[in-house]
Amino acid sequence: MNNQASIKFVLGGKPLSNGQYLVYLRITKNRKKKEISLGIKCKKEDFINEQFLKSHRNYKIENELLFKFKQKAFEIIRTFQLNDDDYSLNDFESIFRGKSVNNENFLDFINEIISDMEKSKRIGNARAYKEAKSSLIRFLKDSKSITTVLKFKEITPEFLEKFEVYMRSRGNDNGGISFKMRQIRAVFNRAINRKLISQDLYPFKFYKISKLKSKPNKRALTIDEFKKFKSVDLSKNPLLVEAYNYFMFSFYTRGMNFVDIMHLKKSDIINGRINYTRSKTKGKFTIEIVDNAQKIIDYYKTIQKDSQYIFPILLNDNMSPTQIAYREQKVLARVNKKLKEISKLAGIEKKITTYVARHSFATILKKIGTSTDVISELMGHSDVQITMTYLKEFDNEELDNANRKLLDL
C-alpha cells in the first residue's frame, strides 16, 4: 500500500473569458492526478514557481492563502499515513473541501472499502470485510430490520452485544466473532479518520473485543505425533498424498506458509536453495533444500512440466488476483479436509491443518534443544516474543513436568 503523494499548485490549461487562469491544487498519487479548483484566478504572467508575483493584486494575502492550502493538504495526507489508511484521490478531495459527506450508511461505506480493496488487488482483505458484512445483513434480516440501510449511529454497544448473541446462536465461537467484530471496528476507524462520522459514534469504547479471546488450541504436534504423521501409510489412499506432501514440505522448509508454497516458482530455486519473499511479512528467505524437501519437489516435476510453478495449485500463469485468491481458498479447504483424514489414519487426535506444520516445526526444534533465538531467526520473526507465542504450549508443559518432580521428594 503506497500512501505517498505530492502536492503542487498549477494553472488551468485554458484561460477564462477575461484572459485569466484558475489556480488549482494538484495532488499526485500512484501516478494518478487530481486537480482541485481553489477559487483563485490570475494572469498567467503573474504566477511563477507556485506563487504570485508582486504584479498580482493582493499577492501577499493570496500567497499566504496558498501556503495554508498546502499545509492543509499535507496534514490530510499525514493523517492517512499515520493511520496506515489507503485512500483515493476522491477521499482526499472530500476532506480537503470540508464536505459534510452524506455517507451515514454503514453498509454503503463497507461496500466502498471492499471495492477499493478489490481494485488494489487486496483480495484477502476484501473477503474479510465481505464476511463481516454478510453476517450483519443476516442479523438485520433475521431481526426483521431493513437490510439496505444501517446507520453508523445505530451500531451501538447494545447492538454489538445482540449481534454477538446472534452469532453464537449460529455456532460461531469466540475466534469467529472476534474476527467479524474487528472488521466492523476497522470500518468505524476508517470512517472517523476520513471525518465521515464523529468519534462520538465509536461503539468500541465500551464494547471490548478483547473479552472474546479464545482459549488457544494445542496446534503443534509432539515428536511422537509427528513421527506417526510422517510414517502414515497412504498406499490405499492416493488422494491424500497431496495434503501430506504440502504439510511435510512446509515442515521441511522452516514452516513455509501455504500461500508461499502456492506461489513458489521453479526460478526461486538456485544452487540447491529456495529464495523467496514471505507474503505475510515481506521478509526475504533463503532456505537450503534438504533431501526430504527435494523428494517432494521431484515428485511434481513431471506433473508441472509446462508451468512456472513448482506445485499444481495455480492452474495457469496468467490468473487474476481474484482468481488466485479463490483458488487459494478452495485448495486450502480441500487440503485441510484431507489432513483431517490423515490424522485419523495416523491415530492423532489433534486437529491438523497446514498451519500446524509451522507450529510443529518451531516446537519440535525447541524440544530437541534449539535455542529460541535460533528458532526465531529460522522462522523469520521480527521479534523473539512472536516466537515465544508459538512455544508457549511447550513452555507450560516443561513447567508442569518440573512441578511434578516435587512429588518425588
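Residues numbered from 1 in each chain as written. Predicted model: local features only at pLDDT ≥ 70, side-chain atom pairs only at ≥ 80, totals over all residues. Heavy atoms only, no water.

Here the focus is the confidence of the model for the protein. Confidence along the protein averages 84 in pLDDT terms, with 86% of residues attaining 70 or more. Predicted confidence in the protein is weakest over helix α14 (residues 384-404), with a mean pLDDT of 54, and strongest over strand β4 (residues 47-48), with 96. A low-confidence stretch, residues 402-407 (pLDDT under 50), is modelled with 0 contacts involving residues beyond four sequence positions or located in other chains. (pLDDT = per-residue confidence, 0-100. Helix = DSSP H or I, 4+ residues; strand = E, 2+ residues; numbered from the N terminus. Contact = heavy atoms within 4.5 Å.)

With that settled, the discussion passes to the sheet that holds strand β2 (residues 21-29). Here 3 strands make up an open sheet; going across it, the order is β1-β2-β3 and the pairing antiparallel. For this open sheet the edge positions go to β1 (6-11) and β3 (32-42), each flanked by a neighbour on one side alone. Geometrically, the sheet is characterised by an average inter-axis angle of 25° between neighbouring strands, direction not taken into account. Direction of pairing for β2 relative to β3: antiparallel, over a ladder of 9 bridges. Residue Val23 lies in a different strand from β3, and its bridge partner there is Ile40. Packed on one face of the sheet, helix α1 (residues 59-82) meets β1, β2 and β3 and runs near 145° to β1. (Pairing = 2+ DSSP bridges. Axes fitted to C-alpha atoms, helices over the stretch in contact; angles between N-to-C directions.)

Strand order in the open sheet formed by 3 strands is β6-β7-β8, and the pairing between neighbours is antiparallel. Strands with a single pairing partner mark the edges of an open sheet, and in this sheet they are β6 (269-270) and β8 (284-288). By the bridge criterion, 5 bridges tie strand β7 (residues 273-277) to β8 in an arrangement that is antiparallel. Its bridge partner lying in β8, Thr277 is registered against Lys284.

Our focus in this paragraph is the nonpolar core. Membership of the largest hydrophobic core comes to 47 residues, with the highest contact counts inside it found for Phe229, Phe247, Phe249, Phe311 and Ile342. Secondary structure elements with two or more residues in this core: α7 (223-230), α8 (241-252), α9 (258-263), β7, β8, α10 (291-299), α11 (321-346) and α12 (354-367). By residue number, the principal contributor to this core is α8, which donates 8 residues. Not counting the four nearest positions on each side in its chain, Phe247 is found in contact with Leu221, Phe229, Leu339, Ile352, Thr353, Val356 and Ala357. Listed in part, the 34 residues of the second largest apolar core include Phe106, Met117, Tyr166 and Ala191. (Core = buried A, V, L, I, M, F, W, Y, C linked by side-chain atoms within 4.5 Å. Buried < 20%, exposed > 50% of the residue type's maximum accessible area, 1.4 Å probe, protein only.)

Our next topic: α8. Its 12 residues place the ends of α8 16 Å apart at the C-alpha level, agreeing with the 16 Å of an ideal helix rising 1.5 Å per residue. The complete set of buried residues in α8 reads Glu242, Ala243, Tyr244, Asn245, Tyr246, Phe247, Met248, Phe249, Ser250, Phe251 and Tyr252. Just downstream of α8, Arg254 is the residue with a positive phi angle, here 65°. (Expected span 1.5 Å × (residues − 1).)

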